[in-house]
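# Geometric and topological summary
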Amino acid sequence: MQKNLLIKIVFFLFFVIPANSEIIKGTAVVVDGDTLKIDNKKIRLHGIDAPEMKQLCQRTFLSIFIFSFNKNYKCGEISKKKLTQKIDNQIVKCFIEKNNDRYNRILAECFVNNESLSVYMVK
């Protein structure tokens, strides 16, 4: 498993991130499961989409024959919490992909301890 992740990161660094890519580095504040702030710059994790903060999702908690009973849970809050725990006040390094999306956020691939936050969040 670790070897596959390392191969993905190396591939990404050599073939996806341009050699002249601008870097934003620092302590990040997590806005939601796919957005960070570093030095008042809003950064969207490139290539993923996480639930919105107020979004509710459903999971089945009981199935009996053809009947299923679902329960709502706060998937947006859980997504933000997972990203916050992963970063854990460590330095985040982001390679800018594009300057702005339609919400004026910088699109970037971000890493903590050489691990892609996008890959982590998809897992």
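The structure we're discussing is the one just above.
Below is a summary of the structure that appears in this document. (Residues numbered from 1 in each chain as written. Predicted model: local features only at pLDDT ≥ 70, side-chain atom pairs only at ≥ 80, totals over all residues. Heavy atoms only, no water.)

This brings us to the packing of aromatic side chains. A complete count under the given rule lists 1 aromatic pair for this structure. Ring plane angle 80° and centroid distance 5.8 Å describe the contact between Phe 95 and Phe 111, whose orientation is recorded as edge-to-face. Highlighted residues: Phe 95 in strand 7 (residues 91-98) and Phe 111 in strand 8 (residues 106-112), separated in sequence by 16 residues. Geometry around Tyr 73 places Arg 59 over its ring, the cationic atom sitting 3.8 Å from the centre. (Phe/Tyr/Trp six-rings, centres within 6.5 Å; stacked < 30°, edge-to-face > 60°. Helix = DSSP H or I, 4+ residues; strand = E, 2+ residues; numbered from the N terminus. Lys NZ or Arg CZ within 6 Å of the ring centre and 35° of its normal.)

Simply put, the disulfide is a covalent bond whose two ends are the sulfur atoms of two cysteines. Inspection of every chain in the model, using the stated rule, returns 2 disulfides. Shown here is the disulfide that connects Cys 57 with Cys 75, its sulfur atoms set 2.0 Å apart. Between Cys 57 and Cys 75, the S-S dihedral sits near 65°, and the bridge is therefore right-handed. On the criterion of sequence distance, the pair formed by Cys 57 in strand 5 (residues 57-64) and Cys 75 in helix 2 (residues 75-87) is long-range, its members being 18 residues apart. Take Cys 57 and Cys 75: they sit in the same class, and that class is buried. (Disulfide = S-S within 2.5 Å. Buried < 20%, exposed > 50% of the residue type's maximum accessible area, 1.4 Å probe, protein only.)

This part covers helix 2. Compared with the 18 Å implied by 1.5 Å per residue over 13 residues, the 19 Å span of helix 2 between its first and last C-alpha is a close match. Listed as buried for helix 2 are Cys 75, Gly 76, Ser 79, Leu 83, Lys 86 and Ile 87. Along helix 2, the residues classed as buried sweep out an arc of 110° about the axis, all on the same side. The first or second residue beyond helix 2 is Asp 88, which carries a positive phi of 45°. (Expected span 1.5 Å × (residues − 1). Arc of directions from axis to C-beta.)

Another aspect to go through is the environment of Phe 111. Classification of Phe 111 as buried rests on a relative accessible area of 6%. Along the backbone, Phe 111 and Lys 93 are 18 residues apart, and their C-alpha atoms lie at a distance of 5.2 Å.

Phi is positive for Asn 89, close to 60°, though the residue is something other than glycine. Along the chain, Asn 89 turns up in the loop between helix 2 and strand 7. Given the relative accessible area of 68%, Asn 89 is considered exposed. The phi torsion at Asn 113 lies on the positive side, around 50°, for a residue other than glycine. Mapped onto the secondary structure, Asn 113 falls in the loop between strand 8 and strand 9 (115-116).

Moving on: the side chain of Asp 32. Mapped onto the elements, Asp 32 comes out in strand 2 (residues 29-32). There is no salt bridge for the buried Asp 32, and the closest opposite charge comes from Arg 105, which lies 5.2 Å off by N-O distance. Engagement of the side chain of Asp 32 in a polar contact is seen with the backbone nitrogen of Asp 34, the distance being 3.0 Å. Beyond its immediate chain neighbours, meaning those up to four positions away, Asp 32 contacts Glu 52, Met 53, Lys 80 and Leu 83. (Lys, Arg positive; Asp, Glu negative; His and termini not counted. Salt bridge = Lys/Arg side-chain N within 4 Å of Asp/Glu carboxyl O. Polar contact = N/O pair within 3.5 Å; in protein donor to acceptor, adjacent residues only side chain to side chain. Contact = heavy atoms within 4.5 Å.)

Ranked by internal contacts, the top residues of the largest apolar core, which has 19 residues, are Leu 36, Ile 87, Val 92, Cys 110 and Leu 117. For this core, the elements supplying multiple residues, two or more each, are strand 3 (35-38), strand 4 (41-45), helix 2, strand 7, strand 8 and helix 3 (117-122). Not counting residues within four places of it along the chain, the set of residues in contact with Cys 110 comprises Leu 36, Ile 43, Leu 45, Val 92, Lys 93, Cys 94, Glu 115, Ser 116, Leu 117 and Ser 118. (Core = buried A, V, L, I, M, F, W, Y, C linked by side-chain atoms within 4.5 Å.)

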